[in-house]
Amino acid sequence: MLSSPIDLLWVLLCAGLVFVMQAGFLCLESGLTRSKNSINVAAKNMADFSVAALLFWLIGFGLMFGPSAGGWIGAGLFGLFDQLPDEPHLLGFVLFQVMFCATAATIVSGAVAERMRFGAYLGLSAWVSLIVYPVFGHWAWGGAWAPGARGWLAEMGFVDFAGSTVVHSVGGWVALVAVWRIGARAGRFPADGPPPVIPAGSLPMAMLGALLLFFGWLGFNGGSTLA
């Protein structure tokens with residue numbers, strides 16, 4: 001894995017493309033929300049990336065890719081305890097995985113746009129980045145870097161390429177639970193008429209976001225080959 005400089009260069013390039021997806025989410029969601037809330041939505045996208053990247057570096061990467069404890073959780077390679085070797089190929093892999101974690105956290109933001117307080121949303125992002133994503137990720141991808149036992153799902157034959165379940169499905173399930181708990185918008189479904197139209201703040205901004213997501217997705221899947 002990442003055995004040559006060209007492999008490392010490829011993964012770093014793809015990590016940059018995945019980072020572009022953060023800009024895509026920001027533009028898409030702030031463009032599709034009402035103008036009065038667009039700044040709040042954009043700030044949430046910026047903040048959740050910062051929270052996810054920091055927590056995954058400190059704790060999440062070790063929980064996900066550290067030496068497996070019974071196939072359930074990683075027990076090493078924690079940045080918080082300076083356990084990440086100063087080795088370019090490992091650090092390139094860490095950077096790529098940081099982008100995956102940030103994407104899983106950001107998926108939730110569109111579902112709760114305009115409907116969740118800033119502090120509560122950051123708490124949810126921290127919970128996903130620190131616990132939900134790394135632990136489930138270990139079940140499916142544990143052992144991908146550190147030698148030893150794999151995650152229990154992988155041992156049963158579970159295969160996930162490019163995060164179709166580990167990233168996208170996990171983010172989607174968290175988003176579903178969040179909107180279920182929040183409930184419908186006040187006045188969204190009146191008893192005496194059709195639902196009112198909620199106008200988008202900037203459709204051109206939203207379309208720019210969609211194009212950025214298309215572009216960044218090339219790195220998401222291409223980089224998952226790790227070579």
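Below you will find a few notes about this structure. None of the values given here were measured: they were computed from a predicted structure. Throughout, residues of each chain are indexed from 1 in the direction in which the sequence is written. Totals for whole chains, interfaces and linings use every residue, but because this is a predicted model, local features are given only for residues with pLDDT of at least 70 and side-chain atom pairs only at 80 or more, for both listing and counting. Derived side-chain values reflect all non-hydrogen atoms in the structure, with water molecules and hydrogen atoms excluded from consideration.

**Points about the side chain of S109**
Right, so step 1: Checked against the element boundaries, S109 lands in helix α3 (residues 88-111).
Right, so step 2: Throughout, exposure labels follow a simple rule: accessible area from a 1.4 Å probe, protein chains only, divided by the maximum for the residue type, with under 20% read as buried, over 50% as exposed, and the rest as partly exposed. In this structure S109 comes out as buried when scored by relative accessible area, which is 4%.
Right, so step 3: Any two residues whose heavy atoms approach within 4.5 Å are treated as being in contact. In contact with S109, not counting residues within four places along its chain, are E29, N45, D48 and Y121. Counting from the N terminus, the helices are the DSSP runs of H or I reaching at least four residues and the strands are the DSSP runs of E reaching at least two.

**A look at the nonpolar core**
Right, so step 1: By nonpolar core we mean a set of buried residues, namely Ala, Val, Leu, Ile, Met, Phe, Trp, Tyr and Cys, connected to one another through side-chain atoms within 4.5 Å. F56, F61, F96, F100, Y133 and W141 are the most contacted members of the largest nonpolar core, which has 45 residues in total.
Right, so step 2: Among the secondary structure elements, those contributing two or more residues to this core are α1 (5-32), α2 (38-65), α3, α4 (118-141), α6 (164-182) and α7 (203-223).
Right, so step 3: Ranked by the residues each element gives to this core, the list is headed by α3, at 12 residues.
Right, so step 4: The contact partners of F61, leaving out residues within four places of it in the chain, are F56, G66, L77, L84, L90, F93, V94 and Q97.

**So, α7**
Right, so step 1: Relative to the 30 Å expected for 21 residues at 1.5 Å per residue, α7 spans 30 Å between its end C-alpha atoms, a close match to the ideal helical length.
Right, so step 2: We define the bend at each residue as the angle formed by axes fitted to the 7 residues ending at it and the 7 residues starting at it. Along its length, α7 reaches its greatest deviation from straightness, about 25°, at G216.
Right, so step 3: Looking only at α7, the buried set comprises A206, G209, L213, G216, G219, F220, G222 and G223.
Right, so step 4: Where α7 is buried, its residues touch α1, α3 and α6. One less than the residue count of a helix, multiplied by 1.5 Å, gives the span that helix is expected to have.

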